[in-house]
Amino acid sequence: MEENNNINGQHSSDEPLHDVVPVSGMYENWFLDYASYVILERAVPAINDGLKPVQRRILHAMKEMDDGRYNKVANIIGSTMQYHPHGDMSIGDAMVNLGQKDLLIDMQGNWGDVRTGDRAAASRYIEARPSKLALDILYNPQTTEWQLSYDGRKKEPVTLPVKFPLLLAQGVEGIAVGLSTKILPHNFCELIDASIRHLKGKSFKLYPDFLTGGTIDIEEYNKGHRGGKVKVRAKIEEYDKKQLVIKDIPFGTTTTSLIESIIKANDKGKIKIKKVVDNTAKDIEILVQLAPGVSPDITIDALYAFTDCQVSISPNACVIVEDKPLFTNVHEILKINTDQTVDLLRQELEIRKGELLEKILFSSLEKIFIENRIYRDIEECETWESVLETIDQGLEPFKAQFYREITQDDIVRLTEIKIKRISRFDAFKADELMRKLQEELAQVEHHLANIIDYAVDYYQNLLTKYGKGRERRTEISSIETIAATAVAANNAKLYANFKDGFIGYGLKKDEFISDCSDLDDIIVFRKDGRCVVTKIQDKVFVGKDIIYAGVFKKNDERMVYNLAYLDGKSGRTMVKRFNVTSVTRDKEYNLTKSEKGSKVHYFTANPNGEAEVVTVYLTAGAKARKKIFDFDFAEIDIKGRGAGGNILTKYPVRKVDLKSEGKSTLAGTNIWYDESIGRLNRDERGIHLGNFNADDKVICFYKDGSYELTSFELSNHYNDGQIFSIHKFDPEQILSVIHQDGESKVVYVKRFVIETMTVGKAFSFINESANSKMLHISVASEPKVKVTYRKKGERSKSQKELSLADLIEKKGWKSIGNKFPIQNISGVEEIAVASEEAVGAAEEASTVDPHVLEGLKAEVQKEVEEEDLSKPGFDVGSSIDLDTDKSDDEKDQLGLFE
């Protein structure tokens, strides 16, 4: 029975009562202690030096062991364990991670590869020592705050006296209890520039930069604050028409994980590829071989949408400030680190000043002691006290010149001077030493009085010593949002059972509609005049008597539906043309005017707004004289989905049949080119290329002297860094080109029209020899240019205006052209010409005053001249300035800072 009571938690009356311990209070304290330990001692870096405890202890152990030679990492790990109460594996992993950032550790051996994910060799095989940068910015025992190690046997730094925004340069990621931190790495040179700008009271901007390169969109970075976001992309280019090449990868991925994500997307049918080949060595190179008939541009977008070729990163700047976690941003971190650097530099100068004052004081004491032969006065002294007193009395006349009182320790040091030194004392050398010490002291005091200028010089010296090879690797650019449904490969087939009202990719025995993606939405129209949009599934019921089913594209204004239906309420037959641009999924929409009795007589879906002609047959009993007549849908306007439509006839209709196919009634599409992302768009972003109809094309002129015709599909990719200019293609347009032959270095001019009409293939229109280059191209009918050049034997530059049409007639596109009258060209600039139409219209008006006409001419000329000729797509052409000499102010304006 007692056993049962004990089992059930009951207390036997024969046993003594024990104290009850409240577990809840213990749990609360223990949890808070554990959370505080993880936050402060493991996961989150201190703002003072930007290091986690394990990193700080590794760097401290390396400095203690440093003798200029490499040390085995295994030995460094062992030394670090005197300070860090954790296992060797955690220390080794932290050290490898620290070394791969390529800032503080000089590595030897196989340390792995952050790009490929390859691990480092075992710690006994690899070696390390502090880098020169680390020795310059990390260590100074005189300005370091020390504490006892965990076992009390050693001293370790509370934080290292870092004189550089190290936290932002390295970046950090950590997960603690209840919070996390993620600070992205930034560019070494840009951080120094930002620190200098802060010291000078100027504003600055900071954006992440990754060792893996790639492209970053910083529009939502929000200074790295919690809630911000960046998009990072791999650099993907067309290797040829059958292969793509990935040259950079996003931060946080590896070539292995990237390839795995591509294979996974291919297995799921999101993209269609044949093979992925990893040729990464010194540089990243991943070849993606395309399946036959697959568009490279669509595949590039699909790689961004469905694989790790594009990732989204959410920064969260959390740091330890005075033993508490603080959420801040990278600008505040840089300001704090820069101000700390100034304070540390001040401390170092104060320490040096104190050392110099002491050296000057003792050198003066030594000189007085020897030159005034005070050492002879102590020969008669019999006690130590009398010796000290005698020396003190001998120094009495000179004490006023010292910056502090002479102590007994100073006198004791004088007694330690050896006779040999006294006998060889050289007053001239002593004075020379004193002079040098005084000069250095004056310099230190000058630096203290101008500490900001001193800090700026310190940072500029860091940039000079260590900035080479640390240029920005990640390109800052806008990244457009890619709709997954727009680029998903057609990995499914849509089937429909029109009578019973089922659609889906599992109805393989029913009627095939089209290829589609498993991400697509399907729009369905029924005979009762209703439509519904639903997600594609294996099999889904959408209502009986289907008359049309197809893939639904949101906001597609060029898809026009033509409908003739019987209005059940009035008995009239109505016609309408309408779009369906946006709907609520799985909600039914009535396309007719009434609820009951309405039915569809005729329906078509027209992807480009076509308007056909139909024949209408009335019933035999209809009272109308003409029982058969034609109707052209082009006669009515395109309206919204909910419009009732126009009356076709008030008489009963037997049937409506197609008579003839129609043409599109829609105007052409306005196309813009956004140079920031290298894409076409209809959203009025960038440069307006023109209004495009179905057969129109885009022409790109490249800096290497070639051109290429493309379609105006919005999925096209253009490498803006290689494009000279981009325009709507006009086959009658005469092009004017100035180019230099690579072999003879002679500059030529030529005028020609495009004769090749092959789309998607580049054709070179200048000499293809090495070093040949295009200097200028214009699409203006009467192009005029201002040429900047150097005359032979002259240092100053000259300028001359020329009309290219006067120099040469139109020739074949392969001709080399005529020799240009000016050589040694450093720049070519297009001169805008006033619109002949605008001036001509004014000249034809007889009522216009001549003075007003001249004013109009001047105004038109001024407006044209103010256009930005440097942007691709400007109608009169583009130009390149070959003079690369820029002033410091110009270089500053070209940087990232405001």
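For the structure, check the block above.
Residues numbered from 1 in each chain as written. Predicted model: local features only at pLDDT ≥ 70, side-chain atom pairs only at ≥ 80, totals over all residues. Heavy atoms only, no water.

**Considerations on the overall build of the protein**
A count of helical and extended segments in the protein gives 22 helices and 48 strands. Within the protein, the fraction of its 898 residues that count as buried is 45%. Only carbon and sulfur atoms are counted for the fraction: they give 47% of the accessible area of the protein, which is about 47,900 Å². (Helix = DSSP H or I, 4+ residues; strand = E, 2+ residues; numbered from the N terminus. Buried < 20%, exposed > 50% of the residue type's maximum accessible area, 1.4 Å probe, protein only. Areas by Shrake-Rupley, 256 points an atom, 1.4 Å probe, with all protein chains shown as cover.)

**A short note on the pattern of salt bridges**
For the coordinates displayed, the defined rule picks out 36 salt bridges. In this structure, Lys493 and Asp515 form a salt bridge, with 2.8 Å as the shortest nitrogen-oxygen distance. Highlighted residues: Lys493 in strand S18 (residues 492-497) and Asp515 in strand S20 (residues 511-516), separated in sequence by 22 residues. Classification of Asp515 by relative accessible area gives partly exposed; the value is 38%. Between Arg685 and Asp683 there is a salt bridge, with the nearest N and O atoms lying 3.6 Å from each other. Using a relative accessible area of 34% as the deciding quantity, one classes Arg685 as partly exposed. Beyond isolated ion pairs, a larger network of salt bridges with shared partners links Glu190, Asp209 and Arg472. (Salt bridge = Lys/Arg side-chain N within 4 Å of Asp/Glu carboxyl O.)

**Section: the pairing of strand S38 (residues 706-710)**
Most of S38 sits out of view: 5 of its 5 residues are buried. Because side chains alternate across S38, one face comprises the buried residues Ser706, Glu708 and Thr710, and the other comprises Tyr707 and Leu709, equally buried. As defined by bridge partners, strand S37 (residues 698-702) adjoins S38 across 4 bridges and the pair is classed as antiparallel. From the neighbouring strand, Phe701 faces S38, where its bridge partner is Tyr707. Connecting S37 to the antiparallel partner S38 that follows it, the hairpin turn spans 3 residues, and Gly705 within it adopts a positive phi of roughly 85°. Where S38 meets strand S42 (residues 762-764), 3 bridges bridge the pair, whose relative direction is antiparallel. Paired with Ser706 across the bridge in S42 is Ser764. (Pairing = 2+ DSSP bridges.)

**Describing the environment of Lys52**
Positionally, Lys52 belongs in the loop between helix H2 (23-43) and helix H3 (53-65). Here the alpha-carbon distance between Lys52 and Val172, two residues 120 residues apart in the chain, equals 9.0 Å. Residues within four places of Lys52 in sequence aside, it is in contact with Arg42, Ala43, Val44, Pro45, Val172, Glu173 and Gly174. (Contact = heavy atoms within 4.5 Å.)

**Details of the sheet that holds strand S47 (residues 825-831)**
Across the sheet, which stays open at both edges, the 3 strands sit in the order S45-S44-S47 with antiparallel pairing between neighbours. Bordering the open sheet on either side are strand S45 (797-803) and S47, each of which pairs with just one other strand. The mean angle between the axes of side-by-side strands here comes to 20°, regardless of whether they run parallel or antiparallel. Relative to S45, strand S44 (residues 784-790) runs antiparallel, the two sharing 7 bridges. Note that in S45 the partner of Tyr789 across the bridge is Ser798. (Axes fitted to C-alpha atoms, helices over the stretch in contact; angles between N-to-C directions.)

**Brief notes about the side chain of Thr338**
Inspection of the secondary structure assignment puts Thr338 in helix H11 (residues 330-371). With a relative accessible area of 0%, Thr338 lands in the buried category. Polar contacts involving the side chain of Thr338 include one to the side chain of Ser195, which spans 3.0 Å. Polar side-chain contacts of Thr338 include one of 2.7 Å to the backbone oxygen of Leu334. Discounting chain neighbours no more than four positions away, the residues touching Thr338 are Ser195, His198, Leu199 and Tyr459. (Polar contact = N/O pair within 3.5 Å; in protein donor to acceptor, adjacent residues only side chain to side chain.)

**Examining the sheet that holds strand S27 (residues 589-590)**
Strand order in this open sheet of 4 strands is S24-S21-S22-S27, and the pairing throughout is antiparallel. Two strands bound the open sheet, and with one partner strand each, they are strand S24 (546-552) and S27.

**Looking at a positive patch on the surface**
A cluster of basic residues, Lys569, Arg572, Lys593 and Lys650, forms a positive patch on the protein surface. One can find Lys593 in the loop between S27 and strand S28 (599-606). (Patch = residues over 30% accessible without salt bridge, like charges linked within 9 Å, V, L, I, M, F, W, Y side chains within 5 Å. Lys, Arg positive; Asp, Glu negative; His and termini not counted. Charge placed at Lys NZ, Arg CZ, Asp CG, Glu CD.)

**Observations concerning the packing of H3 against helix H4 (residues 73-80)**
It is the contact of H3 with H4, at a shortest axis distance of 9 Å, that shows an interaxial angle of 110°. Comparing their axes, H4 and H3 come out roughly perpendicular. Crossing handedness for the pair H3 and H4: right-handed. When H3 is examined against H4, the residues Arg57, Ile58, Ala61, Met62 and Met65 are found in contact with a partner set consisting of Asn75, Ile76, Ser79 and Thr80. (Parallel < 35°, antiparallel > 145°, perpendicular 65-115°, else oblique. Left-handed = near helix turned anticlockwise from the far one by under 90°.)

**Re the packing of aromatic side chains**
Aromatic ring pairs: the centre-centre distance and the angle between the two ring planes describe each pair. By the definition in use, this model includes 23 aromatic pairs. Between Phe631 and Phe633 the ring centres are 5.3 Å apart and the planes differ by 75°, which places this aromatic pair in the edge-to-face class. A ring pair is formed by Tyr673 and Tyr718, whose centres lie 5.9 Å apart and whose planes are at 90°; its orientation type is edge-to-face. Note that Tyr673 is positioned in strand S34 (residues 669-674) and Tyr718 in the loop between S38 and strand S39 (723-728), a separation of 45 residues in sequence. Assessed through its relative accessible area of 0%, Tyr673 is described here as buried. Aromatic rings pair up to connect Phe701, Tyr707, Phe752, Phe763, Phe765 and Trp813 into one cluster. Directly above the ring of Phe327 sits Arg226, whose terminal nitrogen or CZ lies 3.8 Å from the centroid. (Phe/Tyr/Trp six-rings, centres within 6.5 Å; stacked < 30°, edge-to-face > 60°. Lys NZ or Arg CZ within 6 Å of the ring centre and 35° of its normal.)

**Some remarks on the nonpolar core**
Leu59, Met95, Leu104, Leu138, Phe164 and Leu462 are the most contacted members of the largest nonpolar core, which totals 76 residues. Here this core takes 9 residues from H11, the largest share from any one element. Dropping the residues within four chain positions of it, Leu462 is found in contact with Leu133, Ile137, Lys163, Phe164, Phe188, Ile192 and Gly467. Core analysis: the second largest hydrophobic core is formed by 26 residues, Ile249, Leu258, Cys309 and Val487 among them. (Core = buried A, V, L, I, M, F, W, Y, C linked by side-chain atoms within 4.5 Å.)

**Observations regarding the environment of Thr256**
With respect to the helices and strands, Thr256 occurs in helix H9 (residues 255-267). Residue Thr256 is classed as partly exposed on the basis of its relative accessible area of 39%.

**Considering helix H8 (residues 188-199)**
Taking 1.5 Å per residue, 12 residues should reach 16 Å; H8 reaches 17 Å between its end C-alpha atoms and fits that length. Taking burial as the measure, the 12 residues of H8 include 10 buried ones, the bulk of the element. Residues Phe188, Cys189, Glu190, Leu191, Ile192, Ala194, Ser195, Ile196, Arg197 and Leu199 constitute the buried set of H8. The residue sitting at the N-terminus of H8 and contributing the capping side-chain oxygen is Asn187; that oxygen lies 3.0 Å from the backbone nitrogen of Cys189. Downstream of H8 by a residue or two, Gly201 has a phi angle that is positive, lying close to 80°. (Expected span 1.5 Å × (residues − 1).)

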